[in-house]
Every structure is written in C-alpha cells, then in structure tokens.
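Examination of the molecular architecture
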Amino acid sequence: MPWTEDTRKMYKSVEGRSQSELTDAEWKVIKPLLPKQGTWGIPAS
C-alpha cells in the first residue's frame, strides 16, 4: 500500500514513539490484567 496523507497520519510517531507502543504508565495499568508468565502452553521438557 502506498503512503498517502491519510496513512501517514494513521502511523505518525507520537513523542518519538509509535502510536502502538505503550507508555510506562499504560503498562502499569494493564500489567495486573495480563496472565502470569508460565501459566499456559506446553511445559518445557
């Protein structure tokens, strides 16, 4: 897909970071909601 003025606005960097990157404050909010490490998947052999 070519870059257009609309797509440039959609993917514009905010404060030197991508719009999809979370700030430390945002991680602090969602961290308790994430599953604990190692509680899912196939056990290591």
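A short tour of the structure in this document, coming up. (Residues numbered from 1 in each chain as written. Predicted model: local features only at pLDDT ≥ 70, side-chain atom pairs only at ≥ 80, totals over all residues. Heavy atoms only, no water.)

**Looking at the overall build of the protein**
Counted only if it meets this: Secondary structure elements follow DSSP: runs of H or I of four or more residues count as helices, runs of E of two or more count as strands, with numbering from the N terminus. Per-residue accessibility, obtained with a 1.4 Å probe over protein chains only, is compared with the maximum for each type, and a residue is labelled buried under 20%, exposed over 50%, and partly exposed between these values. To be clear on the numbers: accessible area is Shrake-Rupley with a 1.4 Å probe, and residue cover counts the displayed protein chains and nothing else.
When helices and strands are tallied, the protein shows two helices and zero strands. Residue burial in the protein is summarised as follows: out of 45 residues, 2% are buried. Carbon and sulfur atoms make up 60% of the accessible area of the protein, which amounts to about 4,800 Å² in all.

**Examining the environment of tryptophan 27**
Formally: Contacts are residue-level and defined by heavy atoms, with any inter-residue pair within 4.5 Å sufficient.
On the secondary structure map, tryptophan 27 appears in helix α2 (residues 24-30). The partly exposed category is assigned to tryptophan 27, whose relative accessible area is 42%. If near-sequence neighbours (up to four positions away) are discounted, tryptophan 27 is found in contact with Leu22 and Leu34.

**Here we look at a nonpolar patch on the surface**
What counts, and what does not: Exposure above 30% relative accessible area and no salt bridge define the residues that can form patches, which grow by joining like charges within 9 Å and nonpolar side chains of Val, Leu, Ile, Met, Phe, Trp and Tyr within 5 Å. The working definition used for a salt bridge is a side-chain nitrogen of Lys or Arg within 4 Å of a carboxyl oxygen of Asp or Glu.
Taken together, the side chains of Trp3, Met10 and Tyr11 define a hydrophobic patch exposed on the protein surface, amounting to about 400 Å² of accessible area. Structurally, the position occupied by methionine 10 is in helix α1 (residues 5-10). Accessibility expressed as a relative area gives 49% for methionine 10, which makes it partly exposed.

Distances and angles like these do not, on their own, reveal function.
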